[in-house]
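# Descriptive analysis of the structure
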Amino acid sequence: MDARGQSAKCGKVDDPRAGSIAPALLGWYDAHARALPWRAPPGANRADPYRVWLSEVMLQQTTVAAVIPYFERFTTRWTDVAALAAAPEEEVMAAWAGLGYYSRARRLVECARVVADRGGFPEDEAGLRALPGLGAYTAAAVAAIAFGQRAVVVDANVERVVARLFDIDEPLPAARAAIREAADAITPDARSGDFAQAMMDLGAGICSVRAPQCLICPLRSDCRGQARAEQLPVKPPKKAKAQRVGHAWWIERDDAVWLIRRPANGMLGGMRALPDDGWNARRDGSGNAPLDGGWQEAGRVAHVFTHVALDLAVMVSQGDDRPERVNELEEGEWWPLARLDEAGLPTLYARAAAVAMARKG
DNA sequence: GACTCGTGGGT
DNA sequence: TACCCAAGAGT
C-alpha cells in the first residue's frame, strides 16, 4: 500500500474532485456520525481493537440493528480478546445463534486464540489480513479504525457511494477494480478510519440503495452519478433459489429433548440442532426417522436461506409411543426443556422447536 | 469468477 | 407477496 493523496498518477486520482470529497464527508461525519457501541466516544482518537474487530466480523453481511444486541452480550460476557480466546468454542457458537453465517463464530474463536497467543492484534493491514475470518474488507477496516492506518476500506456501502460519485456503470463484480481505484483516490491519509465509517454512514442513511437522499447529501456537488443514482451500481442478475424439503425430529424424554451438533462444514455448521433427515442445499432430506415411533407431523417451518428455501416438517412422537432406544441415535445430548433458550439453536431449529412445543400445549 | 453460507427488516 | 439486501470470507 503506497500512501497516496498527492502524487499518485493512476486513473481517477487525477480527478479534480478527489481532494475535496474527504473534507466534505468528514465535516458531515463530525456533525452526523451515528453513535454506535463499538465506536470510540467523541474526542477519543482510537477505538478498542478488540471491539472494532468483533463488531466488524459481526457486521459482515449483517445489519447494524441485528448486531447491536449481540455485540453488547459478547462484550459483557467476554470483555477482551484473551477472555474470548479462553472460551469454549461451543459456548461462543451458542452465543452467536440467530446471527447467521456461523462459520464466522468458529473463525472468531480461532482468531481470538491466535491474537491472544501473539499478545495482541497486528497493527498493519497485511498482518490483520492473515488472521482467520478477516478478508480484504475487515482487515482494512480494523487497520484504519482501530490503528489509524491509511487503508482503502471497500464494502457494499463504499461500492455504492463510489459508483455513484464517479458514475461507474460497469456491472458488478467487474466494476470492483475501478471502484477500488476510485475509493483509493478519495481516501485521505489522515482519519482514514473516520472516512471509512463516514462512507458507511452515508451509504446507510443518505446514499441508500433505494430512494437516495441526494438533496441533503454532503457530496452532492461532487457527484457525477446523481441523475441515475438509484441505477448504480449495476448488479448482475440473481440466481433462482432452490426449494428443498426435510424433516426434523423432536425426541423428548423426562423434560429434555435430544439435540445433536451439526458437522462443522455445510449449512448451520457446528451448531446445535434437532436431529434431521440429512436435508441440505443440494438435496432433499431422506424422510427416514432416526428411530421407530409413532411419528406425527406437528407442523412445518418454511425457512428461507440465502440460496435455498426449506420446507421443514417437524415430527413428534405420539404420547405412549415415546422413543426409548437412545443408543440408536447419533451422538447428542439430552437438553432440559426449561433451558432450551440457552441451547444456542439457530433460527431454523428454534422455530422447529417452537412448533413442537406448541403442539404439546 | 462462481458458489456457498443466515437472518430479519424494508418495500 | 415476493423480492431485495446488509460494515464479506473462504473455497
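Residues numbered from 1 in each chain as written. Chains lettered and ligands numbered in written order. Predicted model: local features only at pLDDT ≥ 70, side-chain atom pairs only at ≥ 80, totals over all residues. Heavy atoms only, no water.

In the annotation of an unreviewed UniProt entry, chain A is listed under the name Adenine DNA glycosylase and assigned to Novosphingobium sediminicola. UniProt annotates chain A under Catalytic activity (unreviewed entry) with the comment "Hydrolyzes free adenine bases from 7,8-dihydro-8-oxoguanine:adenine mismatched double-stranded DNA, leaving an apurinic site." In its Sequence similarities (unreviewed entry) section, the UniProt record describing chain A reads: "Belongs to the Nth/MutY family." (UniProt positions renumbered as here; feature names shortened; annotations may be inferred.)

### Regarding the layout of surface pockets
Volume-wise, the largest pocket comes out at about 1300 Å³. Q61, D155, A156, N157 and R160 are, among the 44 residues lining the largest pocket, the residues nearest its centre. If you list the elements that add at least two residues to the lining of the largest pocket, you get α2 (49-58), α8 (136-147), α9 (156-165) and α11 (192-205). For the lining of the largest pocket, the class distribution of residues is 20 nonpolar, eleven polar and 13 charged. (1 Å grid on protein atoms, 1.4 Å probe; cavity = no way out; pocket = protein on both sides within 12 Å on 5 of 7 lines; lining within 4 Å. Points joined across faces, edges and corners; volume = space filled by probe spheres on them. Helix = DSSP H or I, 4+ residues; strand = E, 2+ residues; numbered from the N terminus. Nonpolar A, V, L, I, M, F, W, Y, C, P; charged D, E, K, R; others polar.)

### A closer look at the pattern of salt bridges
In the structure shown here, the tally under the stated rule is 18 salt bridges. A single salt-bridge network, built from bridges that share partners, covers E89, E90, R261, R272 and E333. (Salt bridge = Lys/Arg side-chain N within 4 Å of Asp/Glu carboxyl O.)

### What to know about the protein's contact with DNA strand B
In the vicinity of DNA strand B there are 21 residues, among which Y102, L268, H303, T306 and T347 approach most closely. Across the atoms of DNA strand B situated within 4 Å of the protein, the share located in sugar and phosphate is 62%. At a separation of 2.9 Å, a base nitrogen of DNA strand B approaches a polar backbone atom of Q61. Interatomic distance of 2.7 Å between a side-chain N/O atom of H303 and a phosphate oxygen of DNA strand B. Elements represented by at least two residues in the surface near DNA strand B include exactly β5 (295-304) and α12 (347-360). The residue inventory of the surface near DNA strand B, partitioned by class, reads ten nonpolar, nine polar and two charged. (Near = heavy atom within 4 Å. Polar contact = N/O pair within 3.5 Å; in protein donor to acceptor, adjacent residues only side chain to side chain.)

### What about the domain arrangement of chain A?
Entries for chain A in the domain assignment read domain 1 (17-231) and domain 2 (242-359). In this structure, domain 1 and domain 2 have C-alpha centres spaced 36 Å apart. Both faces considered, domain 1 and domain 2 share a buried interface measuring about 820 Å² in area, 52% of it formed by carbon and sulfur atoms. Three residues stand out in domain 1 for area buried against domain 2, namely E90, Y102 and R106, and they jointly supply 51% of the buried area on that side. For the pair domain 1 and domain 2, the interface holds three salt bridges. Here R261 ties to E90 by a salt bridge, and the two come within 3.9 Å at their closest N and O atoms. For the pair domain 1 and domain 2, the interface holds four residue pairs in polar contact (both at pLDDT 80 or more). For the side of domain 1 that touches domain 2, the leading source of residues is helix α5 (residues 89-96), giving four residues. (Domains from an automatic or database assignment. Buried area = accessible area lost by both parts, 1.4 Å probe.)

### Examining the sheet that holds strand β6 (residues 308-317)
Sheet strands line up and pair through hydrogen bonds in the backbone, either parallel or antiparallel. Taken in spatial order, the three strands make up an open sheet running β1-β6-β5, and their pairing is mixed. One side of each edge strand has no neighbouring strand; the edge strands of this open sheet are β1 (242-250) and β5. The sheet shows a mean angle of 20° between the axes of neighbouring strands, taken without regard to direction. As defined by bridge partners, β5 adjoins β6 across nine bridges and the pair is classed as antiparallel. The partner of W295 across the bridge, within β6, is S317. Strands β1, β5 and β6 of the sheet are contacted by α12, whose axis makes an angle of about 145° with β5. (Pairing = 2+ DSSP bridges. Axes fitted to C-alpha atoms, helices over the stretch in contact; angles between N-to-C directions. Contact = heavy atoms within 4.5 Å.)

### Some details on the UniProt feature "domain: HhH-GPD" (unreviewed entry) in chain A
Those places that UniProt annotates as "domain: HhH-GPD" (unreviewed entry) correspond, in this numbering, to residues 58-205. The distance from the first to the last C-alpha atom of residues 58-205 is 20 Å, and the span holds 66% helix and 0% strand.

### Remarks on empty space enclosed by the protein
In this approach the atoms are scanned with a rolling probe the size of a water molecule, which exposes any empty space left behind. Scanning all chains against the criterion turns up three cavities of 30 Å³ or more. Its volume calculated, the largest cavity comes out at about 120 Å³. Per element, the largest residue contribution to the lining of the largest cavity is three residues, and it comes from α9. A class-by-class count of the residues in the lining of the largest cavity yields eleven nonpolar, two polar and two charged. By volume, the second largest cavity amounts to about 60 Å³. Forming the walls of the second largest cavity are A151, V152, V153, V158, A183, T187, S192, F195, A196 and M199. In terms of residue count, α11 provides more of the lining of the second largest cavity than any other element does, four residues in total. Looking at the lining of the second largest cavity residue by residue, the classes come out as eight nonpolar, two polar and no charged.

### Overview of the pairing of strand β3 (residues 256-261)
Of all six residues in β3, five are buried, a share of seventy percent or more. Two elements, strand β2 (residues 252-253) and β3, share two bridges in a ladder whose sense is antiparallel. Following the sheet pairing, R253 is matched in β3 by A256. Linking β2 to β3, which pair antiparallel, is a turn of two residues; within it D254 sits at a positive phi near 50°. Across four bridges, β3 lies against strand β7 (residues 333-336) in antiparallel orientation. Opposite L259, over in β7, you have E333 as the bridge partner. As paired elements, β3 and strand β4 (residues 272-273) share two bridges and run antiparallel to each other. Residue pairing in the sheet places R261 in a bridge with R272 of β4. (Buried < 20%, exposed > 50% of the residue type's maximum accessible area, 1.4 Å probe, protein only.)

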